[in-house]
Structures are given as structure tokens and as C-alpha cells.
There are 2 protein chains.
Amino acid sequence: MILHDYLPSGNGYKIRLLLNLLGIDYQVKCYDIVAGETRTPRFLALNPNGKIPVLEFDDGRTLAESNAVLYYLAQGTRFWPSDTWLQAEVLKWMNFEQYSHEPNIASPRFWLSHAGMNELRQAQLADKQQQGYAALELMEQHLKQHQYLVAEQLSIADIALYAYTHVADEGGFELSRFPAIQDWCQRIAKQPNYIAIDDDTKVCA
Amino acid sequence: MILHDYLPSGNGYKIRLLLNLLGIDYQVKCYDIVAGETRTPRFLALNPNGKIPVLEFDDGRTLAESNAVLYYLAQGTRFWPSDTWLQAEVLKWMNFEQYSHEPNIASPRFWLSHAGMNELRQAQLADKQQQGYAALELMEQHLKQHQYLVAEQLSIADIALYAYTHVADEGGFELSRFPAIQDWCQRIAKQPNYIAIDDDTKVCA
């Protein structure tokens, strides 16, 4: 299968990390999202929303939205609990990630480390940093008492939240304030077949 | 069960609508989110993220994040498909809703119709309106060819997206530009046991 992606993307990395933990082979096709390469007719045929990541299966089917892809890949594996209540808890964290965490933690990183600042971004930065710290603090309080986010087992909730959390310093967040998050990141980084966000060994031409 | 909610909230309404379509009884406890009533110690014990809606079950368990609640309530019902691929498609639309749709469509509505504008909100408004229209256009193109978002059947993907779409005019969006969306809204509003977003018959003291 082919992952249409942008290597610095945490949303793409979630999928790359899970594919590796599952031992599933894939190739990565890279797009320069800053240069508009996800707005071409060819890309919009893969995802009308014009966003990476998109997972393209060998039979031609495509799936967008990183957390939906995690859900699909995790079915029947140890990364998705069998109990319905625990499944809902996993999705609770994954929705927290997309709504309260990623927009506040990934955007400052994208602006400061990749795309550059402009007036509108500057106007939003302080508010996003405040909300981003609140999201990290919520994770910290939970991880002070738990090894992983749900049921003391690594799940796609952890993978979804790890992606942008572990590189939050690139957006100006001081992770040293959050020792429980740092320990949790270490536990994930020690998983067999773990790969780093900038690992480019699967990138194809 | 008790839904901790704020009646104008589309995120809360998703859950109220599904509970009604399923014929499940509940009560609504209202909070003034503008006045900070979701930031009290008592509310933070229900949801450390300080956001409505939160569904509190009769046994005391609580679940936050509207889309996770929809998932939990829909298990084993006609609103959640049994096929894994279709499930992933439902979650794709629900993640689109939380990331690309709700922040751009619900926020202008909240600012313009409920909370009021300030300098930071004014700076973001044009960008949010542009992205909100893009999200509506994506839905329009899909609904031109489909009765519902996934598998031609009403699912929690439709319920999630209906909530803020059908009141998008309150955020300054002209829904008359989107005839397929309007037809889809009509189909949903005709469902047996449908309730309006401002229905207050379940509100308790």
C-alpha cells in the first residue's frame, strides 16, 4: 500500500508508526504541502479535502483522515480494545487529539518550524500556546496515574496523541514541564519496530 | 442518563438527536459555557477538559467528546454499519467534522450569535469563513451523488455533520448556495422522533 504523506506531518506519522508496529509493509509518496502539491486535480482525486495523509490500498481504495485510518488498521489487533466502553474511551482521546490538542500544538510547530509566520498566525499564537499547554497538562494529570491513555495498554489513542506531543518542543512547548508525558513518550519509543517521525526509509520516488 | 450540555451546542445536539432517534430517555442539565460554568471543580470532575457535552450514565460513568458518545450509543444500531470499511468511512467523515468543519462553521456561529466578537476572533473570521465554505462545498459535491454520507444510509456521520451544518446560517454561511445539502437536511429532519436543536423538553432544573 502507498501512504500519500508529508514526512514532518504528525498525522501521517501516526499511520507510519502503527504500520511499523504492526509489521505491515508500505511505501511513502511525499508531497510538499507548503507548495500546494495536495491541491492538484490528481491529489484531489485521492482526497477531495486536499489533505495528507491518504492511505491507498493495493486494490485502489483510498482512506483519508488519520484517525479513521488508525481505526481501520487497528481492527483485530492489540491496539484496539475489544470492550465497547474502552473503544469509546480510545475514541474520546482521539477526538480530544483532533479538536483540543492537534490544532493548538501542531499548528505552532508547523508555523515556527516549517511554513513560516504571517500576521494571522501571529495573532493566534499566544491563544494556541495557552490552549496547547492546557491540553498537555490534561495529558500529564492522566499519565501521572496511568502507563497508557486507556486500560494500561498501548492503543491507537496513544499513537494518535504521541505523534504531535513528542515533537511539541518544535512549536515552542517546554516538554520538560511534563515528566509523566516524557516517561510515556519513552515507553512508546521503546516499542519493537518503533520508527522516528523523520524516518525516510520507505519513501519512494 | 443525564446529558451535561448547552442547548445551542451542535456537539450536544448530535447526542440529543441520536438519543431521540434511538428512543432512549434522558435528561439535559444545562451549563452557561460563556459564563464559565464548565470550569468549576464540579464540572471538571465530569470532564477534565472542561467542555460540554458529557453523557453521565445511571451507574455514574461519564463519557466526553461528542463523536465518541455517538460511537458508543450507535453500537448495535442501524446508525453504525457492520462492515469495517464502512465504519472507517463513517469515522473519516466524523474526523472531517471535528477538524475541517466544526472549527470553521461552529466558531463563527458561536461568536456572531452567542458569545460576541473580540479582536482575535475578528482576525480569524475571514479565514474561517473561507475554510467553512470549502467544507460545505466538499459535502455538497458528495451529497449531489448520495442520499447520505456513507452507504446511502443514515449513520452517525450524518448526525455529526448535520448538527452544525443545518444552523450554519447563524454563522453567516449562505446555505442557499448548497441545494444538495439542503435536501439532505430535509431528509434528516423527516426522521421519526427528530427533535430540533433548541428543543428544551428534556431540560431539568
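Cut-offs applied
Here the residue numbering is sequential within each chain, running from 1 through the sequence in written order. Here the convention is simple: chains get letters from A, ligands get numbers from 1, in the order in which they are written. Given that the model is predicted, a residue must reach a pLDDT of at least 70 before its local features are reported, and side-chain atom pairs must reach 80 or more before they are shown or counted; all residues, however, enter totals for whole chains, interfaces and linings. Each side-chain value is worked out from all heavy atoms of the structure, with water and hydrogens disregarded. Put simply, DSSP marks the helices as runs of H or I at least four residues long and the strands as runs of E at least two long, and each gets a number from the N terminus on. With C-alpha atoms as the basis for the radius of gyration, the globule rule is written as 2.2 Å multiplied by the number of residues raised to the power 0.38. Accessible area is worked out with a 1.4 Å probe on protein chains only. A residue is then buried under 20% of its type maximum, exposed over 50%, and partly exposed in between. Areas reported here follow the Shrake-Rupley algorithm with a probe of radius 1.4 Å; residue values treat only the protein chains shown as occluding. Positive charges are assigned to Lys and Arg, negative charges to Asp and Glu, while His and the chain termini are left out of the count. The atom standing in for a charge is NZ when the residue is Lys, CZ when it is Arg, CG when it is Asp and CD when it is Glu. Lines are fitted to the C-alpha atoms to define the axes, a helix being fitted only along its stretch in contact, and any angle between axes, read from their N-to-C directions, falls within 0 to 180 degrees. For classification, angles of less than 35 degrees are called roughly parallel, those exceeding 145 degrees roughly antiparallel, those between 65 and 115 degrees roughly perpendicular, and all remaining angles oblique. In this scheme the crossing of two helices becomes right-handed for a clockwise turn of the near helix relative to the far one and left-handed for an anticlockwise turn of less than a right angle. Two residues qualify as a contact provided that any one of their heavy atoms is within 4.5 Å of a heavy atom in the partner residue. To line up the copies, we fit them by least squares on C-alpha atoms, keeping just the residues with pLDDT of at least 70 in both. Only strands that DSSP links by at least two bridges are regarded as paired with each other. Accessible area that two parts lose when put together, evaluated with a 1.4 Å probe and summed over both, is termed the buried area. The term salt bridge refers to a pairing of a side-chain nitrogen on Lys or Arg with a carboxyl oxygen on Asp or Glu at a separation within 4 Å. Here a polar contact is taken to be a pair of N or O atoms separated by no more than 3.5 Å, where protein atoms must pair a possible hydrogen donor with a possible acceptor and residues adjacent in sequence count only if both atoms sit in side chains. Note that Gly is not counted as nonpolar here; it falls among the polar residues with everything else outside the nonpolar set of Ala, Val, Leu, Ile, Met, Phe, Trp, Tyr, Cys and Pro and the charged set of Asp, Glu, Lys and Arg. Any two rings among Phe, Tyr and Trp, with Trp reduced to its six-membered ring, count as a pair given centres within 6.5 Å; such a pair is stacked if its planes are under 30 degrees apart, edge-to-face if over 60, and tilted if neither. Here, a charge over a ring is recorded when the distance from Lys NZ or Arg CZ to the ring centre is within 6 Å and its angle to the ring normal is within 35 degrees.

### Overview of the overall build of chain A
Reasoning step 1: Secondary structure summary: chain A contains seven helices and four strands in total.
Reasoning step 2: Start at the N end of chain A and walk to the C end: the helices and strands fall as β-α-β-α-β-β-α-α-α-α-α.
Reasoning step 3: Taken against the 2.2 N^0.38 rule, which gives 17 Å for 205 residues, the C-alpha radius of gyration of chain A at 17 Å falls within 12% of a compact globule.
Reasoning step 4: Expressed along its principal axes, the backbone C-alpha trace of chain A runs to roughly 45 × 45 × 30 Å.
Reasoning step 5: For chain A, the residues scored as buried account for 54% of the 205 residues in total.
Reasoning step 6: Total accessible area on chain A stands at roughly 8,600 Å², and carbon and sulfur atoms take up 47% of it.
Reasoning step 7: Here chain A contributes 17 positive and 25 negative side-chain charges, whose respective centroids are spaced 1 Å apart.

### Examining the packing of helix H3 (residues 66-74) of chain B against helix H4 (residues 84-115) of chain B
Residue and element names in this part refer to chain B.
Reasoning step 1: In the contact formed by H3 and H4, the axes pass within 11 Å of each other and the chain directions differ by 160°. With respect to each other, H3 and H4 are oriented roughly antiparallel. Remark: the crossing between H3 and H4 carries right-handed chirality. In this structure, H3 uses Ser66, Asn67 and Leu70 to contact H4, whose residues at the interface are Met94, Glu97 and Gln98.

### Digging into the relation of the copies chain B and chain A
Each of the two copies of the chain can be brought onto the other by a rotation about an axis and a shift along it.
Reasoning step 1: Once turned by 180° and shifted 0.0 Å along the axis, chain B lies on chain A with an RMSD of 0.0 Å. Here the symmetry operator amounts to a two-fold rotation axis.
Reasoning step 2: Looking at chain B, 100% of its interface residues are interface residues in chain A too, so the copies touch through the same face.

### What about the sheet that holds strand S3 (residues 54-56) of chain A?
All names here are of chain A.
Reasoning step 1: As summarised here, the arrangement of the four strands in space is S2-S1-S3-S4, forming an open sheet in which the pairing is mixed. The open sheet has two free edges, formed respectively by strand S2 (27-30) and strand S4 (62-64), since each of these has just one partner strand. Between one strand and the next, the sheet's axes are offset by a mean angle of 20°, whatever the strand orientation.
Reasoning step 2: Inspection of the sheet shows strand S1 (residues 2-5) paired to S2 by four bridges, in the parallel sense. Bridge pairing in S2 places His4 opposite Lys29.
Reasoning step 3: Sitting on the sheet, helix H1 (residues 10-21) is in contact with S1 and S2, with an inclination near 160° to S1.

### Considerations on the interface of chain B and chain A
Reasoning step 1: On the side of chain A, 34 residues touch chain B, which itself brings 34 residues to the contact.
Reasoning step 2: Roughly 3,100 Å² of surface becomes buried between chain B and chain A when both sides are summed, with 69% attributable to carbon and sulfur atoms.
Reasoning step 3: The largest contributions to the chain B side of the interface with chain A come from B:Tyr71, B:Trp85 and B:Tyr99, which together make up 23% of the buried area.
Reasoning step 4: Remark: the boundary between chain B and chain A carries zero salt bridges.
Reasoning step 5: Counting every contact that joins chain B to chain A gives six residue pairs in polar contact (both at pLDDT 80 or more).
Reasoning step 6: Mapped onto the side of chain B that touches chain A, the elements with two or more residues apiece are strand S4 (62-64), H3, H4 and helix H5 (119-143) of chain B.
Reasoning step 7: If you tally residues by element for the side of chain B that touches chain A, the top one is H4(B), at 14 residues.
Reasoning step 8: Classifying every residue of the side of chain B that touches chain A by side-chain character gives 17 nonpolar, 10 polar and seven charged.

### A short note on the packing of aromatic side chains
Reasoning step 1: Considering all chains together, one arrives at 24 aromatic pairs over all chains under this definition.
Reasoning step 2: Relative to A:Phe96, the ring of A:Trp93 has its centre 5.5 Å away and its plane inclined at 90°; by these criteria the two rings are edge-to-face. With a gap of three residues between them, A:Trp93 and A:Phe96 both fall in helix H4 (residues 84-115), about one helical turn apart. Of the two residues, A:Trp93 and A:Phe96, neither departs from the other in class, the shared state being buried.
Reasoning step 3: One cation-aromatic arrangement involves A:Arg61 over B:Trp85; the distance from NZ or CZ to the ring centre is 4.2 Å.
Reasoning step 4: In this structure, B:Arg177 is placed above the aromatic ring of B:Tyr133, and the distance from its NZ or CZ to the ring centre is 4.1 Å.

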